[in-house]
Amino acid sequence: MSGPIFDSHAHYTSRRFDADRDALLAGLPGLGVVGVIECGTHLDTSLAAVGLAHRYPFIWAAVGIHPESLIEEDAATRARFGGDWAAELAAMRPLYEDERVAAIGECGLDCHWPVPKEAQLALFEAQLRLSLELDKPIIVHDREAHADTYALLRRYKPRGVLHCYSGSAEDALWLAKQGMYIGFGGAATFKGAKRAVQAAAALPAEAILLETDCPYMAPEPYRGQRCHSGMIARTAEVLAGVRGQAPAELLRTADQNARRLFGLPGG
């Protein structure tokens, strides 16, 4: 398979990469990886993401607060700011002036974990407003929270991507018409991922991004292993098959889409 791999959602600051992070990242271009969006989840991981973006020319950073950071004891949101996410966002503000910061996120809503609903709604809305104020795309996390997520996306109409998409084909189409991109990762290759596959088949090519969410959600047949951006080749193979196109064509289009959304060279 030939074609550039652009990973629109990664977490290489994860502790699971501590033992070999530099060696792994240095080897990604040899696997065909031409771009990575490294996503922060609170101030500390956002700072680390910016650091990686300055070390590797194919990496750009996203800076934001994930809803789970509201309850994770070791996240800066609690450990450094005592749950005061507004103060944390204020502390993050200078990072958005960095030329290597391409997006706001990862942020959004999560009803899988016991995150206080009102707090995460307020946090997500604040980052949606910031996306519009700064004219930067937003990277949206939506886990078991479709109704509330979609309501806010309809209200604010941001530019951005709904990552690790798990909704219906019908919802994917109106989201794309409104200007959102739809991100598909390794989970779309799992046997139970019928809705994601249907959405990928129905969407216009210009609305699709490919991602890993690494180190999580490695595609079949690598499921359960630590994921990395090179594995997107397998995800592209599966999704291209349901779309009736060559994997290399899908990879090229997803690369162009990512560069267009994030305002990067070559798009």
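Presented here is a report on the structure given in the accompanying data block. (Residues numbered from 1 in each chain as written. Predicted model: local features only at pLDDT ≥ 70, side-chain atom pairs only at ≥ 80, totals over all residues. Heavy atoms only, no water.)

Scanning the protein chain from N- to C-terminus turns up 10 helices and 8 strands. In summary, the protein chain has a C-alpha radius of gyration of 17 Å against a globular reference of 18 Å for 267 residues, a match within 12%. The buried share of the protein chain, reckoned over its 267 residues, is 56%. When contacts within the protein chain are restricted to residue pairs at least 6 apart in sequence, long-range pairs at least 24 apart make up 69% of them. (Helix = DSSP H or I, 4+ residues; strand = E, 2+ residues; numbered from the N terminus. Rg over C-alpha atoms; globule rule 2.2 N^0.38 Å. Buried < 20%, exposed > 50% of the residue type's maximum accessible area, 1.4 Å probe, protein only. Contact = heavy atoms within 4.5 Å.)

Right, let's get into the pattern of salt bridges. Tallied over the entire structure, the rule returns 14 salt bridges. Note that Arg 80 is salt-bridged to Asp 44, the shortest N-O span being 2.3 Å. Taken together, the residues Arg 80 in the loop between helix H3 (76–79) and helix H4 (85–92) and Asp 44 in helix H2 (residues 43–55) connect sequence positions 36 residues apart. Residue class for Asp 44 comes out partly exposed when judged on its relative accessible area of 31%. (Salt bridge = Lys/Arg side-chain N within 4 Å of Asp/Glu carboxyl O.)

We now examine the packing of aromatic side chains. For the coordinates displayed, the defined rule picks out 5 aromatic pairs. Relative to Trp 60, the ring of Phe 6 lies with its centre 6.3 Å away and its plane at 10°, an arrangement referred to as stacked. Of this pair, Phe 6 sits in strand S1 (residues 5–10) while Trp 60 sits in strand S3 (residues 59–63), and the two are 54 residues apart along the sequence. Under the relative-accessibility criterion, Phe 6 is labelled buried at 2%. The residue whose ring lies beneath Arg 154 is Trp 174, and the NZ or CZ to ring-centre distance is 3.7 Å. Between the NZ or CZ atom of Arg 223 and the centre of the ring of Phe 190, over which it lies, the distance is 3.7 Å. (Phe/Tyr/Trp six-rings, centres within 6.5 Å; stacked < 30°, edge-to-face > 60°. Lys NZ or Arg CZ within 6 Å of the ring centre and 35° of its normal.)

Our focus in this paragraph is the side chain of Asp 255. With respect to the element layout, Asp 255 can be found in helix H10 (residues 247–262). A polar contact is formed between the side chain of Asp 255 and the side chain of Arg 259, at a distance of 2.8 Å. Once you skip the residues sitting within four places of it in the chain, Asp 255 turns out to touch Pro 4, Phe 6 and Val 34. (Polar contact = N/O pair within 3.5 Å; in protein donor to acceptor, adjacent residues only side chain to side chain.)

This part covers the sheet that holds strand S8 (residues 208–210). One open sheet accounts for 8 strands, arranged S1-S2-S3-S4-S5-S6-S7-S8; its pairing is parallel. A single partner strand is all that each edge strand has here, and the edge strands are S1 and S8. The average undirected angle you get between the axes of adjacent strands in this sheet is 25°. Here strand S4 (residues 101–110) pairs with strand S5 (residues 138–143) via 5 bridges, running parallel. Bridge pairing in S5 places Ile 104 opposite Ile 138. Where helix H6 (residues 146–156) meets the sheet, its contacts fall on S4, S5, strand S6 (160–162) and strand S7 (180–184), and the angle it forms with S5 comes to roughly 155°. (Pairing = 2+ DSSP bridges. Axes fitted to C-alpha atoms, helices over the stretch in contact; angles between N-to-C directions.)

A cis amide bond links Gly 105 to the next residue, Glu 106, at an omega of 15°. Topologically, Glu 106 is positioned in strand S4. Of the consecutive residues Cys 214 and Pro 215, the connecting peptide bond is found in the cis state with omega at 15°.

If you look at the biggest cluster of nonpolar residues, it comprises 74 residues, and the most contacted ones within it are Tyr 12, Phe 124, Leu 162, Tyr 165, Leu 175, Phe 184 and Leu 210. With 6 residues, helix H5 (residues 117–134) is the largest single contributor of residues to this core. Not counting chain neighbours up to four residues away, the residues in contact with Leu 162 comprise Val 140, Asp 142, Thr 149, Tyr 150, Leu 153, Leu 175, Met 180, Tyr 181, Ile 182 and Gly 183. (Core = buried A, V, L, I, M, F, W, Y, C linked by side-chain atoms within 4.5 Å.)

At their nearest, the axes of H6 and helix H7 (residues 169–178) sit 11 Å apart, and the two run at 25° to each other. By the angle class used here, H6 and H7 are roughly parallel. Classified by chirality, the crossing of H7 by H6 is left-handed. Residues Tyr 150, Leu 153 and Arg 154 of H6 pack against Asp 171, Trp 174, Leu 175 and Gln 178 of H7. Residues belonging to the contact of H6 with H7 are distributed by class as follows: 4 nonpolar, 1 polar and 2 charged. (Parallel < 35°, antiparallel > 145°, perpendicular 65-115°, else oblique. Left-handed = near helix turned anticlockwise from the far one by under 90°. Nonpolar A, V, L, I, M, F, W, Y, C, P; charged D, E, K, R; others polar.)

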